[in-house]
Amino acid sequence: MNEMHRVATEVATVKLLIDGEFVESTTTQWRDVVNPATQVVLARVPMATREEVDAAVASAAQAFKSWRKTAIGTRARIFLKYQQLIREHMSELAAILTAEQGKTLPDAEGDVFRGLEVVEHAAAIGNLQLGELANNVAGGVDTYTLLQPLGVCAGITPFNFPAMIPLWMFPMAIATGNTFVLKPSEQDPLVTMRLVELALQAGIPKGVLNVVHGGEDVVNAICDHADIRAVSFVGSTKVGTHVYQRSSLAGKRVQCMMGAKNHAVVLADANKEQTLNAMAGAAFGAAGQRCMAASTAVLVGEARHWIGDLVAKAKTLKVNAGTEPGTDVGPVISCAARERVEALIASGVEQGAKLELDGRKPSVPGYEQGNFIGPTVFSGVKPGMRIYDEEIFGPVLVILEADTLDDAIALVNANPNGNGTAIFTQSGAAARKFQEEIDVGQVGINLPIPVPVPLFSFTGSRASKLGDLGPYGKQAVMFYTQTKTVTARWFDEETPSHGVNTTISL
Ligand code: NAD
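Note that the coordinates shown come from a computational prediction; the quantities given were computed from them, not determined experimentally.

Draft legend 1. Seen up close, the overall build of the protein chain. For the protein chain, the helix and strand inventory stands at 15 helices and 23 strands. Computed over its C-alpha atoms, the radius of gyration of the protein chain comes to 25 Å, within 12% of the 23 Å expected for a compact globule of 506 residues. Taken over the C-alpha atoms alone, the protein chain extends approximately 85 × 60 × 40 Å along its principal axes. Each of the 506 residues in the protein chain was classed as buried or not, and the buried ones make up 57%. In the protein chain, 72% of the contacts between residues at least 6 apart in sequence involve partners at least 24 apart. Summing over all exposed atoms, the protein chain offers an accessible surface of approximately 21,100 Å²; the carbon and sulfur share of this is 53%.

As structure tokens, then:
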């Protein structure tokens, strides 16, 4: 156990969920779940054993036999009840999330809410799981499709949205008729587990949802498991690439939503006050730990004179524990994450960028042990510097300049990541040009974090995504189902017989 951690008198253990029961792991390997604002140990999470992963998958495989035949309406009613339970427990869920993850309480409610929207969508998924029918594709022959569940599916989730991202996964998989094994982030599994308890309370039957905890070994066991049909992963590019390759080799359907470097392109005709507010919120909110954080500003033409205004905006943000009212920027997830971000800031200085605002080691009275970094701004940033080439995942905004919109588009398209981007302008023509020419999966126009609602899907692209289909919305229905195409002919007494036919035809 890390010496810095102050241990609460009774440290609870996080349970596995196997076959409808919350059970204590038999493992000898445990990890602390730590409050990033105080270093208090909130719980201990097990690194599940191979046998426990096998038991979770076996339970899901058994449950699939009956769950796949459950009526659409029965499944829908469980998710209708589930969304109600999440609403009723919103404050409790947000408090758990802030304690283990660090983000502010209002932002934690946003995290839960964006997941809740997927649960609402899951309740109505029958509308999207319809097959197609073509009448008379040949004389007396109809062709139609069935969108059938795959079987046991698995989800592996990151620390930064411990409510929303698990809810991107298991409700969609289960509502479409699959059973599920979830592997939450080992850094903040507590709010995920509370959401899982509420899911059981809503009526998800034994074995339909299982949870195993752990890190690399458990993830590899999931990738390799012969009885898991599909894996949905959200996390870093390095781990996601490994999960994609290893799971694909084992014959699974895989989707990996991964790291990012999101550029916000600012034209001088943009509404200045709105743009500066949006930029500061999207760069520093959640301490920059969002995969859609607008961490890179590209100031075009005369907008290059806005650097001072952006820095002034960043200075107005209050750094404090997420539980304190009025906080804008909470701690980053761990001491290791703080050290990593601080080292990247140091590299920016060494590599010649101009440190306009240094947020390292801010004073946060009452929370001296917290993993805090205040808003940090660099200008004069260029490709080739580590602060541009790497995802910082902290409250650090890097500013680049471009002479024209064409130059800005070329810069964004040359970056390997394709998660999100935004343009700020009052010109419809410029916005439309950007939307057409930018090679990034999610585009905001005067909106800095364009995460689509579940009527659509999350559509990151290029190095930010492996696999074709997104994690929620219509694309998730395709991901979690197998299309079976049936071609049928029924004979009646009048159907003439033409004898044996050895040519290809219907
Ligand atoms: P991470 O990749 O470290 O962890 C993600 C999951 O992988 C966790 O469950 C973890 O236990 C597991 N894992 C960690 N190391 C592993 C290893 N060596 N082998 C196998 N499994 C391993 O990511 P994180 O730090 O929890 O989350 C932050 C990252 O996630 C950022 O890069 C962020 O951009 C990305 N992210 C992407 C999206 C998106 O939709 N594109 C959304 C949220 C977060």
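We are not done yet, so read on.
Draft legend 2. Highlighting the pairing of strand β4 (residues 30-34). For β4 and strand β5 (residues 40-46), the ladder comprises five bridges, and the chain directions are antiparallel. What sits directly across from tryptophan 30, in β5, is proline 46. Counting the residues that bridge the hairpin from β4 to β5 gives five residues, and of these glutamine 39 lies at a positive phi of roughly 70°.

Draft legend 3. Region of interest: unusual backbone geometry. A positive phi is found at aspartate 19, a non-glycine position, where the angle reads about 55°. Here aspartate 19 lies in the loop between β2 (16-18) and β3 (21-23). A relative accessible area of 32% means that aspartate 19 is categorised as partly exposed. At asparagine 136, a position not held by glycine, the phi torsion is positive, near 60°.

Draft legend 4. Structural view of the sheet that holds strand β19 (residues 421-424). Read from one edge to the other, the open sheet built from seven strands follows the order β15-β16-β17-β14-β13-β19-β20, with strand pairing classed as mixed. Every interior strand has two partners, whereas the edge strands, β15 (354-357) and β20 (443-445), have only one. Neighbouring strand axes in the sheet, compared pairwise and without regard to direction, differ in orientation by 20° on average. When strand β16 (residues 376-379) meets strand β17 (residues 396-402), the two strands line up parallel, connected through three bridges. In the sheet register, threonine 376 faces β17, and the bridge partner there is valine 396.

Reading the values: rules and limits
- Here the residue numbers are simple positions, counted from 1 along each chain's written sequence.
- In keeping with the predicted nature of the model, local features appear solely for residues at pLDDT of at least 70, side-chain atom pairs appear and are counted solely at 80 or more, and the whole-chain, interface and lining totals rest on all residues.
- With hydrogens and water set aside, each side-chain value is computed from the structure's full complement of heavy atoms.
- Here a strand is any run of E in DSSP of at least two residues, a helix any run of H or I of at least four, and the numbering for each starts at the N terminus.
- Between the two quantities, the radius of gyration covers C-alpha atoms and the globule rule is 2.2 Å times the number of residues to the power 0.38.
- The classification of residues rests on relative accessible area computed with a 1.4 Å probe and restricted to protein chains. Under 20% of the type maximum is buried, over 50% is exposed, and intermediate values are partly exposed.
- Whether two residues are in contact is decided by their heavy atoms: any pair within 4.5 Å suffices.
- Note on areas: Shrake-Rupley, 1.4 Å probe, and residue coverage restricted to the protein chains presented here.
- Two strands are said to pair when DSSP picks up at least two bridges between them.
- Orientation is described by lines fitted to C-alpha atoms, with helices fitted over the stretch in contact, and by angles between N-to-C directions that extend from 0 to 180 degrees.

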